[in-house]
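Chains, contacts and geometry: an overview
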Amino acid sequence: MVISGQVSGGGYRSHCCYPDKAPESIRTMPPSIFNQSGFNQSGTPLSASAATPIPDAPAGFRSGFVGLIGRPNVGKSTLMNQLVGQKIAITSPVAQTTRNRLRGILTTTEAQIVFVDTPGIHKPHHQLGTVLVKNAKMAIHAVDAILFVVDGSVVAGGGDRYIAELLGSVSTPAILGINKIDQQPSDCAVLDDSYAALAAPYGWPQLKFSALSVQGLDPLLQALVERLEPGPYYYPPDLVTDQPERFIMGELIREQILRLTREEVPHSVAIAIDRVDEDPDITRILATIHVERPSQKGIAIGKGGRMLKAIGSAARQQIQKLIAGKVYLELFVKVQPKWRQSRTRLAELGYRVEK
Ligand code: GDP
Ligand code: MG
């Protein structure tokens, strides 16, 4: 359940009852204020009561939840970061980067859109994959509108058609979002035709854009707002994600592992933020990288500790941007055999395991 006096006061609809975190979360604030809304000395999140109250929505205000659905790697997380104006979801060319359903919040004077970023829908090979796909499918039923994101630089494929059928079987309104148009060849008729054919049976409007080069995003937002009903603010207007700062910190560390280590490590890594101590001039963070096998531990540490140093240094820079302050980051690597197969361990490591 979402538990927060403020959020329920803001008028949650019944479909918002994910087992989820309260919005202690990340705010668009100047650094000095941001630090106050972070974590206390013991590293536990400050309570939601420290957050800004939710104002009453003006007449004609629209709001709702928009699910970002699509194959892995089409640019869903990149798009969400661009739209909310802050990096809250990690992105990478490695498929399955996004694990939990993650909400990104965009508030304008006329609307509040809560984007629900999902792991791409694909055929699962292990328990983690099953949890990821199940979470993505559940999101389809739990949102007010769906943005079905496809990679417009390649022709529509079987994976897209599978998702189209899935979306066509629910009554939630959908838009087909054709991303990566910066990578389309000048003669893109074949590509466009394949997506027109994908949308046609369902009557979905099609919008072309590029999340990376920020083209076509205003018409996309307009189209999404038009699909939302009049409604309240679900979150305070300055909040950009419902996830606690700690979760995003762990994700930023995981992102660097995805970028810097070899193929076999990324999918078997989970990050636990063990401690966050905030001093006035520096934030000290202790984190553990959980891997499944001793060989992966070796890769993550690298020769003479070089890999771990590189991961730590790059992640530290990202976290500094996130919290707008100086960071000292200490990383440990621990072998946690078969964590991906275990629902209990998945839950312990912060993944949302639905019953
Ligand atoms: P997701 O798995 O759907 O969340 O995809 P990501 O957001 O992680 O993006 C996958 C890859 O596509 C990353 O390397 C992004 O930089 C890249 N990407 C995302 N959007 C665009 C775009 O509009 N144009 C181009 N050229 N690349 C993009
Ligand atoms: Mg993603």
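How each quantity is defined
- Residues numbered from 1 in each chain as written.
- Chains lettered and ligands numbered in written order.
- Predicted model: local features only at pLDDT ≥ 70, side-chain atom pairs only at ≥ 80, totals over all residues.
- Heavy atoms only, no water.
- Helix = DSSP H or I, 4+ residues; strand = E, 2+ residues; numbered from the N terminus.
- Contact = heavy atoms within 4.5 Å.
- Phe/Tyr/Trp six-rings, centres within 6.5 Å; stacked < 30°, edge-to-face > 60°.
- pLDDT = per-residue confidence, 0-100.
- Buried < 20%, exposed > 50% of the residue type's maximum accessible area, 1.4 Å probe, protein only.
- Pairing = 2+ DSSP bridges.
- Right-handed = clockwise from strand over helix to strand, strands pointing away.
- Near = heavy atom within 4 Å.
- Polar contact = N/O pair within 3.5 Å; in protein donor to acceptor, adjacent residues only side chain to side chain.
- Areas by Shrake-Rupley, 256 points an atom, 1.4 Å probe, with all protein chains shown as cover.
- Nonpolar A, V, L, I, M, F, W, Y, C, P; charged D, E, K, R; others polar.
- Axes fitted to C-alpha atoms, helices over the stretch in contact; angles between N-to-C directions.
- Parallel < 35°, antiparallel > 145°, perpendicular 65-115°, else oblique.

**Digging into the overall build of the protein**
- Of regular secondary structure, the protein possesses eleven helices and nine strands.
- Look at the contacts in the protein between residues 6 or more apart in sequence, and 73% of them connect residues 24 or more apart.

**Describing the packing of aromatic side chains**
- By the definition in use, this model includes four aromatic pairs.
- An aromatic cluster of at least three residues, connected via ring pairs, comprises Phe148, Tyr202 and Trp204.

**Overview of the confidence of the model for the protein**
- Residues with a pLDDT of 70 or more make up 72% of the protein, whose mean pLDDT is 78.
- Confidence drops under pLDDT 50 across residues 1-25; counting only partners more than four residues distant or on other chains, this segment forms 70 contacts.
- Scored below 50 in pLDDT, residues 27-50 shows 52 contacts in the model against residues more than four places distant or in partner chains.

**Considering the environment of His290**
- Looking at where His290 falls in the secondary structure, it is placed in strand β8 (residues 283-291).
- Separated by ten residues in the primary sequence, His290 and Ala300 have C-alpha atoms spaced 10.0 Å apart.

**Describing the pairing of strand β4 (residues 145-151)**
- Summarising burial for β4: seven of the seven residues are buried, a large majority.
- Burial along β4 is two-sided: the residues Ala145, Leu147, Val149 and Asp151 and Ile146, Phe148 and Val150 are all buried.
- Bridge count for strand β1 (residues 62-69) against β4 is four bridges, and the pairing is parallel. Among the inter-strand pairings, Ile69 is bridged to a residue of β4, identified as Phe148.
- Pairing of β4 with strand β5 (residues 174-179), which is carried by six bridges, proceeds in the parallel orientation. From the neighbouring strand, Phe148 faces β5, where its bridge partner is Leu176.
- Assessed by its sense of winding, the connection that carries the chain from β4 through helix α5 (residues 158-168) to β5 is right-handed.

**Some details on the pairing of β8**
- When you tally the buried positions in β8, you get seven out of nine residues, the bulk of the element.
- Two strands pair when backbone bridges link them, and strand β7 (residues 270-278) and β8 are joined in this way by eight bridges, in the antiparallel orientation. Bridge pairing in β8 places Ala270 opposite His290.
- Hairpin geometry of β7 and β8 is characterised by an intervening segment of four residues between the two adjacent antiparallel strands.

**Overview of unusual backbone geometry**
- Backbone geometry at Asn73 places phi at a positive 80°, although glycine is not the residue there.
- Tracing the backbone through its elements, the reader meets Asn73 in the loop between β1 and α3 (76-84).

**Quick word on the environment of Gln184**
- Inspection of the secondary structure assignment puts Gln184 in the loop between β5 and α6 (189-199).
- Since its relative accessible area comes to 13%, Gln184 is described here as buried.
- Each C-alpha atom, one on Gln184 and one on Ser153, is 4.7 Å from the other, the two residues being 31 residues apart in sequence.
- Among all residues touching Gln184, those that are not within four sequence positions of it are Gly152, Ser153, Leu191, Asp192 and Lys208.

**What about the site of ligand 1?**
- Surrounding ligand 1, one finds 17 residues, the nearest of these being Asn73, Lys76, Thr78, Asp182 and Ser210.
- Lys180 places a polar side-chain atom, nitrogen or oxygen, 3.1 Å from an oxygen atom of ligand 1.
- Contact distances for ligand 1 include 3.0 Å between an oxygen atom and a backbone N or O atom of Ala211.
- For ligand 1, whose unbound accessible area comes to 580 Å², protein coverage reaches 89%.
- The element contributing the most residues to the shell around ligand 1 is α3, with three residues.
- When grouped by side-chain class, the residues that make up the shell around ligand 1 number five nonpolar, nine polar and three charged.

**Focus on α3**
- In terms of burial, α3 is largely enclosed, as seven of its nine residues are buried.
- Residues of α3 that are buried: Lys76, Ser77, Leu79, Met80, Asn81, Leu83 and Val84.
- Buried-residue contacts for α3 involve β1, β2 (102-107), β3 (111-117), β4 and α7 (217-226).
- Once α3 finishes, Gly85 follows within two positions and takes phi at roughly 80°, a positive value.

**A few points about the packing of helix α9 (residues 294-301) against helix α10 (residues 306-323)**
- At a closest axis distance of 5 Å, the pairing of α9 and α10 adopts a crossing angle of 65°. For the pair α9 and α10, the contacting residues are Ile299, Ala300 and Ile301 in the first and Arg306, Met307, Leu308 and Ile311 in the second.
- Grouping the constituent residues of the contact of α9 with α10 by class yields six nonpolar, no polar and one charged.

**Quick look at the packing of α3 against α7**
- Between α3 and α7, whose axes approach to 12 Å, the crossing angle comes to 90°. As summarised for this structure, α3 and α7 are arranged roughly perpendicular, according to the angle between their axes. In contact with Leu79, Gln82 and Leu83 of α3, α7 contributes Leu217, Leu220 and Leu221.
- Considering only residue class, the contact of α3 with α7 consists of five nonpolar, one polar and no charged.

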